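Per-entry structural report
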Amino acid sequence: MRAAIFGGPGAIGLGERPDPVIQEPTDAVVRVVLACVCGSDLWYYRGESPHAAGSIGHEFIGLVEDTGTDVTSVAAGDLVVAPFIFSDMTCPHCRNGSTISCPVGGNFGNGTIDGGQGEAVRVPQAQGTLVRVPGTGHSDQVLRSLLTLSDVMATGHHAAVSAGVQRGDVVAVVGDGAVGLCAVLAAGRLGASRIIALSRHPGRQAVAKEFGATDIIEARGDEATGAVMDLTGGIGADASLECAGTAQAIATAFAIARPGSTVGMVGVPHGQVPVPEAFFRNVGWRGGPAPARLYIPDLLDDVLAGTINPGVVLDYETDLEHVADAYSAMDERRAIKSLIRAGSQ
Ligand SMILES: [Zn+2]
């Protein structure tokens, strides 16, 4: 089959991988319909985080082609959403909300295991992992939004859940990438009354507003902190969502969190939590890799009901043949997030 192959920093292209087949009774084979490029893929592309050569991509929706004998939750022909990691959903860690800790779990597109950026994927632990989408003939807009549940929307939601967003809260979101924008949408969905988005890019500001942001702050660093303090009467945000992972974003997220609050952290950290400053203001943090599989069913209902449309973040589109363009568009910040059309519904 044709699949994106990561060859090292800056080197991504279309190549060949073996056609996936059922290897274990717990497997399914899924033919990919839509995939996309993650912000974390960019860290690999830029050489800022290591990634093995080979398969890549961990966000996809597709059609089940075949299932192992232990798999009863999905069947051939089903449209499914795959969370970005596979897991059994029955072990103590999965049941405690940390699917990434599953002893039989793992990452799609890690160089060896099939990635979402390809024509098909062997999905281990398919019974626990895959979520069937009810209905048929979904619009392209719905399919795009379903794709975001694989990672980016689930991750934005995890930021909001981790920070304990409550109805009526003032929420500040640091990071205007696709995750940050989805965090804005998630905060509004959980009832935030005021959502402050930190962004200096007009296109991203527009999406943030469409997703429910009430205030936009263009400043960065200390200036951004001052602006959030001005907007909140000197108190700070009830919930601060860190969705970028850079050292400056982490520092800002903690600085704008009100004393006694929790910072929701979902950006892969490339900086340090300022422990002493947080300690003396009773600010905590929660977060980590989102247990997307736990969140997908509720978010899926909202996508199908039309109450959320996170697929808006996918503002660049190409196919597998042009996968390199999908990466460069995001690397050069021409795109918020790149969609890769791999097949049809
Ligand atoms: Zn598990």
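Counting restarts for each chain, with residues numbered from 1 along the sequence as it is written. Given that this is a predicted model, residues contribute local features only at a pLDDT of at least 70 and side-chain atom pairs are listed and counted only at 80 or more, while totals for whole chains, interfaces and linings are drawn from all residues. Hydrogens and water molecules were not included; the side-chain quantities draw on all heavy atoms of the structure.

**Topic: the coordination of the zinc ion**
Here is the rule we go by: Only nitrogen, oxygen and sulfur atoms count as donors, using a 2.8 Å cut-off from the metal that widens to 3.2 Å for Na, K and Ca. Water is left out, so coordination shells may look unfilled.
In this structure, Asp 88 (OD), Cys 91 (SG), Cys 94 (SG) and Cys 102 (SG) serve as the protein donors to the zinc ion, at separations of 2.1 to 2.3 Å. For the zinc ion, all donor residues lie on one chain, and their spacing in sequence is D-x2-C-x2-C-x7-C.

**Remarks on the pairing of strand 13 (residues 194-198)**
Convention followed: Note on classification: 1.4 Å probe, protein chains only; a residue is buried when its accessible area is under 20% of the maximum for its type, exposed when over 50%, partly exposed between these limits. Working definition: helices are DSSP H or I runs of at least four residues, strands are E runs of at least two. Numbering for both runs from the N terminus. Strand pairing requires that DSSP identify at least two bridges connecting the strands. Crossovers are described as right-handed under a simple rule: with the strands pointing away from the observer, the path leading from the first strand over the helix to the second runs clockwise.
Here strand 13 lies mainly inside the structure; 4 of its 5 residues are buried. Two strands pair when backbone bridges link them, and strand 12 (residues 170-174) and strand 13 are joined in this way by 5 bridges, in the parallel orientation. Counted as the bridge partner of Val 174 is Leu 198 from strand 13. On the question of chirality, the crossover connecting strand 12 to the parallel strand 13 by way of helix 6 (residues 178-189) is right-handed. Where strand 13 lies against strand 14 (residues 215-217), 3 bridges are found, and the strand directions are parallel. Paired with Ile 196 across the bridge in strand 14 is Asp 215. Between the parallel pair strand 13 and strand 14, the chain is carried across by helix 7 (residues 202-210), and the sense of this crossover is right-handed.

**So, unusual backbone geometry**
The phi angle of most residues is negative, glycine excepted, and most peptide bonds adopt the trans form. Despite not being glycine, Asn 282 shows a phi value in the positive range, around 55°. In this structure Asn 282 comes out as exposed when scored by relative accessible area, which is 61%. One non-glycine residue, Arg 333, adopts positive backbone phi at about 55°. Locating Arg 333 in the fold gives a position in the loop between helix 12 (323-331) and strand 19 (337-341).

**Quick look at the layout of surface pockets**
Regions of empty space are outlined by a rolling probe, equal in size to a water molecule, passed over the atoms. Under the convention used in this document: Here the term cavity refers to a set of points on a 1 Å grid, laid over the protein atoms alone, in which a 1.4 Å probe fits but cannot get out; the term pocket refers to an open set having protein on both sides within 12 Å along at least five of seven lines, with lining residues being those that place an atom within 4 Å of a point. Grid points are joined across faces, edges and corners, and a volume is the space filled by probe spheres set on the points.
Each pocket or cavity is described by its volume, and for the second largest pocket that value is around 160 Å³. Breaking the lining of the second largest pocket down by element, the ones donating at least two residues are helix 5 (152-162) and strand 17 (284-287). Take the lining of the second largest pocket: its biggest share by element is 3 residues, from strand 17.

**Focus: the nonpolar core**
Worth spelling out the cut-off: Residues grouped as a nonpolar core are buried Ala, Val, Leu, Ile, Met, Phe, Trp, Tyr and Cys residues, joined through side-chain atoms within 4.5 Å. For this analysis, residues touch if any pair of their heavy atoms sits within 4.5 Å.
If you look at the biggest cluster of nonpolar residues, it comprises 56 residues, and the most contacted ones within it are Leu 146, Leu 149 and Leu 241. In terms of residue count, helix 6 provides more of this core than any other element does, 9 residues in total. For Leu 149, the contacting residues outside a window of four places in its chain are Val 81, Ala 154, Ala 292, Ile 296, Leu 299, Leu 300 and Val 303. Membership of the second largest hydrophobic core comes to 32 residues, among which are Phe 6, Val 71, Val 323 and Ala 326.

**Thoughts on a nonpolar patch on the surface**
Spelled out, the test is: Like charges within 9 Å and nonpolar side chains (Val, Leu, Ile, Met, Phe, Trp, Tyr) within 5 Å are joined into patches, using only residues over 30% in relative accessible area that form no salt bridge. The method behind every accessible area is Shrake-Rupley, applied with a 1.4 Å probe, and residues are considered shielded solely by the protein chains displayed. One side-chain nitrogen of Lys or Arg within 4 Å of one carboxyl oxygen of Asp or Glu is enough to make a salt bridge.
Taken together, the side chains of Val 275, Phe 279 and Phe 280 define a hydrophobic patch exposed on the protein surface, amounting to about 400 Å² of accessible area. Relative to the elements of secondary structure, Val 275 occurs in helix 10 (residues 275-279).

**Some remarks on the sheet that holds strand 14**
Note the threshold: In this analysis an axis means a line fitted to C-alpha atoms, helices contributing only their contacting stretch, and an angle means the value between N-to-C directions, from 0 to 180 degrees.
The parallel open sheet is built from 6 strands, whose spatial order is 14-13-12-15-16-17. Looking along the sheet, the strands with just one partner apiece sit at the ends: strand 14 and strand 17. Going from strand to strand, the sheet's axes swing by 20° on average, the running direction of each strand aside. Pairing analysis gives 4 bridges linking strand 16 (residues 257-265) to strand 17, with the strands arranged parallel. For Val 263, the partnering residue across the bridge sits in strand 17 and is Trp 285.

**Details of the pairing of strand 6 (residues 79-82)**
Because side chains alternate across strand 6, one face comprises the buried residues Leu 79 and Val 81, and the other comprises Val 80 and Ala 82, equally buried. Examined bridge by bridge, strand 5 (residues 60-67) and strand 6 share 4 bridges and lie antiparallel to one another. Across the sheet, Ile 61 pairs through a bridge with Val 81, a residue of strand 6. Here strand 6 pairs with strand 11 (residues 131-132) via 2 bridges, running antiparallel. Of the residues in strand 11, the one forming a bridge with Val 81 is Val 131.

**With respect to the sheet that holds strand 2 (residues 11-16)**
Strand-to-strand pairing in sheets goes through backbone hydrogen bonds, with the strands running parallel or antiparallel. One open sheet accounts for 4 strands, arranged 2-1-4-9; its pairing is antiparallel. Each of the sheet's edge strands pairs with one partner strand only, and the pair in question is strand 2 and strand 9 (110-111). One ladder, built from 2 bridges, connects strand 4 (residues 54-56) with strand 9; its direction is antiparallel. The residue bridging Ser 55 from the neighbouring strand is Gly 111, located in strand 9. Its contacts with the sheet place helix 12 against strand 1 (2-8), strand 2 and strand 4, and it is angled at close to 160° to strand 2.

**Some points on the packing of aromatic side chains**
In this description, a pair of aromatic rings is defined by centroid distance and the angle of the planes. Heads up, the rule is: Stacked, tilted and edge-to-face are the three classes assigned to paired rings of Phe, Tyr and Trp, where Trp is represented by its six-membered ring and a pair needs centres within 6.5 Å; plane angles under 30 degrees give stacked, over 60 edge-to-face, the rest tilted.
Evaluation of the coordinates by the stated rule reveals 4 aromatic pairs. Aromatic side chains Tyr 45 and Tyr 327 sit 5.4 Å apart centroid to centroid with 40° between the ring planes, which places their arrangement in the tilted category. With Tyr 45 in helix 1 (residues 39-45) and Tyr 327 in helix 12, this residue pair connects regions lying 282 residues apart in the sequence. When its relative accessible area of 13% is taken as the criterion, Tyr 45 is described as buried. For the ring pair Phe 60 and Phe 108, a centre distance of 5.2 Å and an interplane angle of 85° mean the geometry is edge-to-face.

**Some thoughts on the packing of helix 8 (residues 221-231) against helix 9 (residues 247-255)**
Between two packed helices, both the angle of their axes relative to each other and the distance between the axes serve to describe the pair. As a reminder, the rule being used: Any angle from 65 to 115 degrees is called roughly perpendicular, while one under 35 is roughly parallel, one over 145 is roughly antiparallel, and all others are oblique. Helix crossings get a hand from a simple test, with the near helix turned counterclockwise from the far one by less than a right angle marking a left-handed crossing and a clockwise turn marking a right-handed one. In this count, Pro and Cys sit with the nonpolar residues alongside Ala, Val, Leu, Ile, Met, Phe, Trp and Tyr, while Asp, Glu, Lys and Arg are called charged and the others, Gly among them, polar.
Where helix 8 contacts helix 9, the two axes come as close as 10 Å, and the packing angle between them is 25°. The pairing of helix 8 with helix 9 is recorded here as roughly parallel in orientation. The crossing of helix 8 and helix 9 is right-handed. Residue-level contacts link Gly 221, Ala 224, Thr 225 and Met 229 of helix 8 to Gln 248, Thr 252 and Ala 255 of helix 9. When grouped by side-chain class, the residues that make up the contact of helix 8 with helix 9 number 3 nonpolar, 4 polar and no charged.

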